Amino acid sequence: MDTQAIRFFHRGAVVQAQDLPITTTVLQWLREQARCTGTKEGCAEGDCGACTVVVAELARGAESAADARAVHVGPLRLRPVNACIRYLPTLHGKALLTVEDLQTMAPEQALHPVQQAMLDCHASQCGFCTPGFVMSLYASYARHHGDGSRPTRQQLAHDLAGNLCRCTGYRPILDAAQRMFELPPARLDPEPIAAALRAIAADTPDPFTHAAPNPAFPDAQGRARIDRFFAPRRLATLAALLAEAPTERPPDEAGAGGARKLTLLAGATDIGLWTNKQFRDVGDLLYVGDVAELTGIAHENGGLRIGAAVPLEDAWAALAQAVPALRDMAQRFAGPPVRHAGTLGGNLANGSPIGDGAPALMALDAALVLQRGSAQRRMPLDAFYLGYMRNALRPGEFLHSIEVPLPHAATRVCAEKHSKRYDSDISALSCGLALRLDGARVGHVRIAFGGMAAVVRRAAHAEAALHGQRWSEAAVRAAMDALADDFQPLSDLRASQDHRLRVARNLLWRFWLENRPEAPLAPAQTRVWAGLQESSRIAESGAP
Amino acid sequence: MNKPAQPLAPPPGATETAGFGRGLPPSWPEAEWPALRDGRRVGVSAPHESAHLHVRGQAPYTDDVPELAGTLHAALGLSPLAHGRLLDLDAARLRALPGVVDVLTAADIPGVNDCGPVVRDDPILAEGTLRHVGQPVFLVVATTRELARRAAARAAEVVHAEPLPAVLTARAAHAQGQYVVPSMHLKRESAPGALDAALRAAPHRLRGSLQVGGQEQFYLEGQIAYAMPAENAGMRVLCSTQHPSEMQHAVARALGWMDHQVQVECRRMGGGFGGKESQSGLFACAAAVAANKLGRPVKLRLDRDDDFLVTGRRHGFDFDFDVAFDDAGRILAYDVTLIANAGHSADLSAAVMTRAICHVDNAYWLPEVAIHGHSARTNTQSNTAFRGFGGPQGALVTEFVLDSIARRLGLDALDVRRANFYGVGQRHVTPYGQGVTDNVLHELVEQLAHGSRYAARRAEVAAFNARSPVLKKGLALTPVKFGISFNVPHLNQAGALVHIYTDGSVLVNHGGTEMGQGLNTKVAQVVAHELGLDFAQVRCTAADTHKVANTSATAASTGADLNGMAAQDAARTLRQRLAGLAGERYGCRPEAVRFAHGRVEAGGTVLPFAELVRQAYLARVQLWSDGFYTTPDLHWDAQTLQGHPFYYFAYGAAVSEVVVDTLTGECRVLRADVLHDAGRALNPALDIGQIEGAFIQGMGWLTMEELVWHPQSGLLLTHAPSTYKIPTANDCPPDLRVRLFDNPNAQPTVHRSKAVGEPPLLLPFSVLLAIRDAISAVGEHRVDPPLRASATAEAILDAIEAVRAGVAATEAVASATVAA
């Protein structure tokens, strides 16, 4: 079998990696192989940001709709991601920037402006989260330094939503974030990196195939199983690979000797935890993140077509630009390092009952394009989920793209998220609402909830209570009552059954208060976080 | 250390090597320049001694130290049961797994299978009984960390045990009389029976309950120990710990060795917050036992999920109170019961409960008072130290009660607080018998109330609420009085070791540990100040049991008080020796010799410090010294709970303004004003960092941070940052104004500074009570909201529903009365 070493740019040179299990994380490689211990492990699940690194790749032409939030340095596009759940082979053909790289960008200074500002502002205490903050801030710095703009303090707080600090209380870090722009500038020279990445690309077949032993799964003779990692670059390659090796999974233990299993991999923000927390056997990996046809966003037929492998960051920016009511959800959907790694397609195909993408998109009547071989079929999102973590994908089939029709100008839309923390929290429940009046009556209504059942689904009874009715307090009250017929939610660590139901009711009530014909209330009168999303980058990119 | 860099913009008089390992930051507060120019090295905002390393990722933590060849990796196998009889372990099955070198159980511990800090009831590995889900049962040692973890994760398959009934809540354990240490009772009456009489006869009486949850430390660096066999039956352990001496003793006990065989070292922690005071012991012991058995270095670094499952945290408390008060809201009598969830073992729970009992008074005179403390034994993780150490829980109940009293009487809560403040020279004796003699509450609170426009904003909040149907705002001011010293007098001692090398550079070692609080920075400042040196000439080293022996934990906020004084003592001895020589050589009295800016002035001669040091070496003057300090005037009777446990008190107060969504229960802190007494600050920037950090951490505890155990299995469901939510940058109040209250310590502490680690953790009581105020506005302040902490959205909506139900009931009674 053809196998190639993983090649990527790190600390000024192209490095090679091989013979490591294909599920080796970037963090493991940095700390254990490269002995670059500046990047820290705080949680190993993508939630604390101590391992934040920046991945740079050659920008693709298809990126456009979401560019206001993109970080470009010359021909490179930069993304802050969590190294703890990023598999090393996905770095092939990319560059890895870590805290160790920053000083080399500022040869005239002892410290990069990001680091100097952190020091000046007393922004580190125990220092363990600091390299992660430095890298998230570096991404902000690179973005604004590139275009000469200056972020607001609020924007910087949003940029840091994926980084936890337990010591400082954040004030000095936000001070540093603002101060870094006042210091003598430092610049990354992108050209040597871009040249190296072009050379790797020119030298990489489609698909990139990497095979490596995994000592956790020995065969009967005690030899480590050889796992394969495929990174196709064209859609046809992906389809062919998948057709050859259906994703039906043999029982977990049967990996050695039994049928090979193949797992589709996108951002690894969930699958990364399968391996490093649950020790599940994912078998071979088929990575969709480099497939050109799946990574674009297009405006088509009055709607958006979002490739299945488009990162959440870009997808939500495009959605929020098209539908401003989605800004708050776009801002609160995970933290930046997860949004830059995870994909909208992964979020939908994974089909978690508490995923935040599906309720909003269901309310907008989104549809999925599914592909097997060269054949495609289209399915409404609200028909996709069959049961808890089960969906309508057939063997060999994969999610190609998401079609999101833009709502009619008169349609009122909202996307709500309810969680213990504003930032980067898994919802107790989330909700997508779309409603259009036909005269004084409700002509069109979609109400979808996550966190209220085993799958994300529409509230049929509540919709029925509104549809065709006069848009009135009485109709809304009836819909609120009908939610109890739609959902019997569970109690768990995020909320009790009763709390979920009463908040679901109250979200409908708030929608009424904000959209009633007489004296509607403004968000500033109904939301404690009103204004935060207005000053986010989402709003910046969504501004007309 | 890295080569010192050129300063970018040094203030006049600063030298180019003034910072720790680098130049002064250009943002050094201008107000401090004159002090720096005068040669002061304390009272100035030196950057953290490792800041230049932190930002480069070059500050090594335990896991960053290069591993020795042959290092093995360990992982703990955890109990799947909350309570059970341990029957058998199928270790053979684990040994057959890839990479596994050995599987250790309690039987492999050559010495004592215990790592309890006070009471010997904390097995390193389970023996006989399983006590909580997550209790370590066995240790897998493998060639890689991943293979060790994979094998250990099979615990549920290989641990054979018979389930026993589990007790999962403190209330349930209390009902069954299950405690980890004997219950404590403190009663102070003006005459026998006066408490009950006052409760019965008072014009107003209020009885109720309160619940406050625990809190995970969430140090960013998880627990870790790296044990390396050393020559002549020795063991060197690198460990992320606040208490190297206790680790040394615990490892020696576990191995059945003498203390001198074990060396424990900690250069820095990635946060501690109390979680690495006693509970780093289990990991140090387990790694050392494995390293000794296998004769190979063994590293045990916990995954975050295991860290949550194995270790304990801040004790959750349940309270029942009965309080009598007059028309002005003055407390006349107060009877309060504290039930702490101690978890499965004693750990530090007795000391935590003692501190809780000693902080029930917070800032207030309690004339007739009884306090009962029960440390309930449950089948959960053993709870331990966490910044504040019971103090916050003890004080919170009384702040909650005063808030209710104010609402009952229709008074402003601040007026009720003022009416109850400790007096000066009267009404000033705490329930435990210590007089409050350094009281600055009145001035401090006045200054804060004025500076924050408390009264005007109270009116603005009321006006907002009157016209806002969905969102309600709330405002609260709460004070803090926090006792400084370990409650156990003998722990209040510290040692230090200061070396001057012949080039004039100085190395400082002391018994404290660096966990981010800036202790090393402050101690280095103290030494630099004594010897008249710039910061770069003084270097701090790792805490090391081979250097300073028998140290106390870096805890109870005492780090700088104790170790700063010990280092000052050592530095003064050295200065006196040098001054003696200089006086002799240059013809002046030793007291007239001046040390500043790296130079020494004696009898009109000025010479570089290094030159005098060189002369001293040639003259065979001892150029290193130890230093020692004990806190004076402490005594404590643990039986009667009476004495003088605290050297002094630290004070502070905060005003918080919040907005609450009455539909979803979400809330946001809009503004917080803090005025805090750090004495005469050794380092204002570090102290403000401590205050702000404690404020946000305490705010997290009281708002979004919630621990949830499965009600049947006892599994902790909030196991990692995905499920346990600590504040992010967006939770920091957009308007946060923190100031130091200039107040030289009445006691002769190091440069008259005050401890600052824990006291500000109590400041965000103002957040919780502002939330309660906002909820109360739903019922126009006629119904007392029964708010629990953490005040999550769900807790807030529960309280709002209770207020609405209370209003409805009142109105029903009113209309029934009218109808009658």
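The name that an unreviewed UniProt entry assigns to chain B is Xanthine dehydrogenase, large subunit, with the source organism given as Thiomonas delicata. For chain B, the Sequence similarities (unreviewed entry) comment in UniProt is given as "Belongs to the xanthine dehydrogenase family."

The name given to chain A in an unreviewed UniProt entry is Xanthine dehydrogenase, small subunit, with Thiomonas delicata as the source organism.

Draft legend 1. Highlighting the overall build of chain B. When its secondary structure is counted, chain B shows 21 helices and 29 strands. Taking 28 Å as the expected radius of gyration for a compact globule of 820 residues, we find that chain B reaches 28 Å, a close match to that expectation. In terms of overall dimensions, chain B has a C-alpha envelope of 100 × 75 × 50 Å along the principal axes. Burial analysis of chain B (820 residues in total) assigns 67% to the buried set. Residue pairs in contact within chain B that sit at least 24 positions apart in sequence constitute 79% of those at least 6 positions apart. Total accessible area computed for chain B in this model is approximately 26,100 Å², and 53% of it derives from carbon and sulfur atoms.

Draft legend 2. Quick look at the nonpolar core. Counting residues in hydrophobic clusters, the biggest one holds 317 residues, and the most contacted among them are Leu78, Tyr138, Phe449 and Leu466 of chain A together with Tyr334 and Ile771 of chain B. Here this core gets 12 residues from one element, more than from any other, and that element is helix α17 (residues 559-586) of chain B. Not counting the four nearest positions on each side in its chain, leucine 466 of chain A is found in contact with Leu435, Val442, Val445, Ile447, Trp471, Ala475, Val476 and Ala479 of chain A. Core analysis: the next-biggest nonpolar cluster, separate from the first, contains 43 residues, Ile297, Leu304, Ala320 and Val456 of chain A among them.

Draft legend 3. A look at helix α3 (residues 113-120) of chain A. The buried fraction of α3 of chain A amounts to 8 of the 8 residues, a majority that puts the element mostly inside the structure. Inspection of α3 of chain A places Pro113, Val114, Gln115, Gln116, Ala117, Met118, Leu119 and Asp120 of chain A among the buried residues, and these make up the whole buried set. For α3 of chain A, the secondary structure elements touched by its buried residues are α2 (102-105), α4 (130-147) and α6 (171-179) of chain A together with α2 (51-54) of chain B. Immediately beyond the C-terminal end of α3 of chain A, within one or two residues, lies histidine 122 of chain A, with a positive phi of roughly 55°.

Draft legend 4. Representation of the packing of aromatic side chains within the structure. In this structure the tally under the stated criterion is 22 aromatic pairs over all chains. When the centroid spacing of 6.2 Å and the interplanar angle of 55° are considered together, the rings of phenylalanine 133 of chain A and tyrosine 170 of chain A count as tilted. Remark: tyrosine 170 of chain A occurs in the loop between α5 (153-159) and α6 and phenylalanine 133 of chain A occurs in helix α4; sequence separation between them is 37 residues. With respect to class, phenylalanine 133 of chain A is no different from tyrosine 170 of chain A; both count as buried. Feature note: the residues Tyr432, Trp636, Phe646 and Phe649 of chain B constitute an aromatic cluster, connected by ring pairs. Between lysine 473 of chain B and the ring centre of phenylalanine 464 of chain B, over which it is positioned, the NZ or CZ distance is 4.4 Å. Lying across the ring of phenylalanine 400 of chain B, arginine 772 of chain B places its NZ or CZ 3.7 Å from the centre.

Draft legend 5. Representation of the packing of α17 of chain B against helix α18 (residues 609-618) of chain B. Residues and elements named next belong to chain B. Relative to each other, α17 and α18 sit at 90°, their axes nearing to 10 Å. Taken together, the axes of α17 and α18 lie roughly perpendicular to each other. Mapping the contact onto sequence places Leu578, Leu581, Ala582, Arg585 and Tyr586 in α17 and Phe609, Leu612, Val613, Gln615 and Ala616 in α18. The residue makeup of the contact of α17 with α18, split by class, is 8 nonpolar, 1 polar and 1 charged.

Draft legend 6. Here's a closer look at unusual backbone geometry. Look at the link from aspartate 206 of chain A to proline 207 of chain A: it is a cis peptide, with omega at 0°. Mapping proline 207 of chain A onto the fold places it in the loop between α7 (190-202) and β7 (208-218). The amide bond that connects alanine 789 of chain B to the next residue, serine 790 of chain B, takes the cis arrangement and shows omega of 5°. Within the element layout of this structure, serine 790 of chain B appears in the loop between α20 (765-778) and α21 (793-819). Here asparagine 362 of chain B, not a glycine, exhibits a phi torsion of approximately 40°, which is positive. By the element assignment, asparagine 362 of chain B lies in the loop between α11 (349-357) and β15 (368-377).

Draft legend 7. Looking closely at the interface of chain B and chain A. Between chain B and chain A, the residue contacts involve 93 residues of the former and 88 residues of the latter. Across the chain B/chain A interface, buried area totals approximately 7,400 Å², and carbon plus sulfur atoms make up 55% of it. Its largest share of buried area at the contact with chain A, chain B owes to Val55, Leu220 and Asn730 of chain B, together 10% of the area lost on that side. For the pair chain B and chain A, the number of links is 16 salt bridges. One salt bridge in this structure joins arginine 502 of chain A and aspartate 798 of chain B, with 2.7 Å as the shortest N-O distance. Our count for the chain B to chain A interface comes out at 38 residue pairs in polar contact (both at pLDDT 80 or more). Secondary-structure elements contributing two or more residues to the side of chain B that touches chain A are α2, α4 (145-152), α10 (304-310), β27 (648-661), β28 (667-676), α19 (684-702) and α21 of chain B. No other element matches α19 of chain B, which puts 8 residues into the side of chain B that touches chain A. Among the residues making up the side of chain B that touches chain A, the classes are represented as 44 nonpolar, 23 polar and 26 charged.

About the cut-offs
- Residues numbered from 1 in each chain as written.
- Chains lettered and ligands numbered in written order.
- Predicted model: local features only at pLDDT ≥ 70, side-chain atom pairs only at ≥ 80, totals over all residues.
- Heavy atoms only, no water.
- UniProt positions renumbered as here; feature names shortened; annotations may be inferred.
- Helix = DSSP H or I, 4+ residues; strand = E, 2+ residues; numbered from the N terminus.
- Rg over C-alpha atoms; globule rule 2.2 N^0.38 Å.
- Buried < 20%, exposed > 50% of the residue type's maximum accessible area, 1.4 Å probe, protein only.
- Contact = heavy atoms within 4.5 Å.
- Areas by Shrake-Rupley, 256 points an atom, 1.4 Å probe, with all protein chains shown as cover.
- Core = buried A, V, L, I, M, F, W, Y, C linked by side-chain atoms within 4.5 Å.
- Phe/Tyr/Trp six-rings, centres within 6.5 Å; stacked < 30°, edge-to-face > 60°.
- Lys NZ or Arg CZ within 6 Å of the ring centre and 35° of its normal.
- Axes fitted to C-alpha atoms, helices over the stretch in contact; angles between N-to-C directions.
- Parallel < 35°, antiparallel > 145°, perpendicular 65-115°, else oblique.
- Nonpolar A, V, L, I, M, F, W, Y, C, P; charged D, E, K, R; others polar.
- Buried area = accessible area lost by both parts, 1.4 Å probe.
- Salt bridge = Lys/Arg side-chain N within 4 Å of Asp/Glu carboxyl O.
- Polar contact = N/O pair within 3.5 Å; in protein donor to acceptor, adjacent residues only side chain to side chain.

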